[in-house]
Amino acid sequence: MEDALALKRRRSSVKRLWQQNKYLWLMFLPCLMYYLIFRYAPMFGLVITFKNYNLFRGVWASEWVGFKYYRMFLENPDFLLLMKNTFLLGIMNLAFGFPAPIILALLLNEVRKAAFKRFVQTVSYLPHFISNVIVASMVIMFLSPTGGLINEMIAALGFEPINFMNEPGMFRAIYVLSEIWQHIGWETIIYLAALTSIDSQLYEAASIDGAGRMRKLWHVTLPGISFAVVITLILNIGAVLEIGFEKVFLLQNPAIYETADIISTYVYRVGMEQGNFSYGAAIDLFMGVISLVFIYTANFVSRRISETSLW
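Residues numbered from 1 in each chain as written. Predicted model: local features only at pLDDT ≥ 70, side-chain atom pairs only at ≥ 80, totals over all residues. Heavy atoms only, no water.

**Quick notes on the confidence of the model for the protein chain**
Residues of the protein chain with pLDDT of at least 70 account for 98%, and the chain-wide mean is 87. When mean pLDDT is compared element by element in the protein chain, helix α6 (residues 132-142) scores highest at 93, while helix α1 (residues 2-40) scores lowest at 81. (pLDDT = per-residue confidence, 0-100. Helix = DSSP H or I, 4+ residues; strand = E, 2+ residues; numbered from the N terminus.)

Next up, the structure:
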């Protein structure tokens, strides 16, 4: 009897919750459908990582091979090079790309002329809406040894032109700088929103206590946005190995494979060009597991140190 009453109360509570928030649930529905259809449903395909998948025989009729493709990747002579290139590119992008929007947001927060502030925000946002194909084409064009803007400036100073896109040692710097230029403005939105939530009375109290701009920045502004900074840092650490395929693929060429060939471009070659779908899927799942370990570790450390975490 008590269980029946408890069940009835839960049902009425759920019904009341639905009635109170039905429009919010309806707004959330497209987002839910997106993740169910394009994120969770495709997980069924992961079974091919344990099969010798044949397109004509189908998933279930294909032969089971266990961990064959995982062993194949780990024993691949290029495994260490691919991991090194992917890890270094991800770490450099995190080290230089993560603080850049924070610094820009702090600088914009100090600007008092609204018109100038809006102008800078607009100009810095625009590159985010340019496709990676266009950005890669611009980078290659600007760095071209014949007629490129950068090499024209170098020649004007009396030096020989440099073929930047054929220099393996320059690829990582070129990629990271292009990423910062393309996304710095858009990513400042998070931090500018966090800055608006800081109580202005804290700045007034700091001024009364004799604090200057740097003291206010260190003791009021940075603690005020620390939650947003920590959360985005955890997410970025989890994505260290998930370097964007498109731009790397568009910027690389065989002359710079020793630094530009990363796991996602390798998966494209063996999975799509060579038709080895099981091998490509196995590598992708392997990297997904490593990314999960990264984000879980970063979240655990953050919770212990700052009491801020994703869960």
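**Comments concerning the packing of helix α4 (residues 99-110) against helix α8 (residues 171-196)**
Relative to each other, α4 and α8 sit at 55°, their axes nearing to 7 Å. By the criterion of interaxial angle, the relationship of α4 to α8 is oblique. The hand of the α4/α8 crossing is right-handed. Of the residues in α8, those touching α4 at Ala100, Pro101, Ile102, Leu104, Ala105, Leu106, Leu108 and Asn109 are Ile180, Ile184, Gly185, Glu187, Thr188, Tyr191, Leu192 and Leu195. Grouping the constituent residues of the contact of α4 with α8 by class yields twelve nonpolar, three polar and one charged. (Axes fitted to C-alpha atoms, helices over the stretch in contact; angles between N-to-C directions. Parallel < 35°, antiparallel > 145°, perpendicular 65-115°, else oblique. Left-handed = near helix turned anticlockwise from the far one by under 90°. Contact = heavy atoms within 4.5 Å. Nonpolar A, V, L, I, M, F, W, Y, C, P; charged D, E, K, R; others polar.)

**With respect to the nonpolar core**
With 57 residues, the main nonpolar core has Phe73, Phe171, Tyr175, Ile225, Ile263 and Ile283 as its most contacted residues. Take this core: its biggest share by element is ten residues, from α8. Beyond its immediate chain neighbours, meaning those up to four positions away, Ile225 contacts Ile102, Leu106, Tyr191, Ala194, Leu195 and Ile198. (Core = buried A, V, L, I, M, F, W, Y, C linked by side-chain atoms within 4.5 Å. Buried < 20%, exposed > 50% of the residue type's maximum accessible area, 1.4 Å probe, protein only.)

**Some remarks on the pairing of strand β2 (residues 58-64)**
As paired elements, strand β1 (residues 51-54) and β2 share three bridges and run antiparallel to each other. Looking at the pairing, Lys51 lines up with Trp64 of β2. Count of turn residues in the β1/β2 antiparallel hairpin: three residues. (Pairing = 2+ DSSP bridges.)

**Observations regarding the packing of helix α3 (residues 79-97) against α4**
Relative to each other, α3 and α4 sit at 10°, their axes nearing to 5 Å. Relative to α4, the element α3 lies roughly parallel. Note on element contacts: α4 touches α3 through Pro99, Ala100 and Pro101, opposite Leu94, Ala95, Phe96 and Gly97. Here the contact of α3 with α4 is built from residues that sort into six nonpolar, one polar and no charged.

**Quick word on the pattern of salt bridges**
Summed over all chains, the structure comprises three salt bridges. With its nearest N and O atoms 3.6 Å apart, the salt bridge here joins Arg213 to Glu110. With a gap of 103 residues between them, Arg213 in helix α10 (residues 213-238) and Glu110 in helix α4 connect regions that are remote in the sequence. With a relative accessible area of 56%, Arg213 lands in the exposed category. With a relative accessible area of 26%, Glu110 lands in the partly exposed category. (Salt bridge = Lys/Arg side-chain N within 4 Å of Asp/Glu carboxyl O.)

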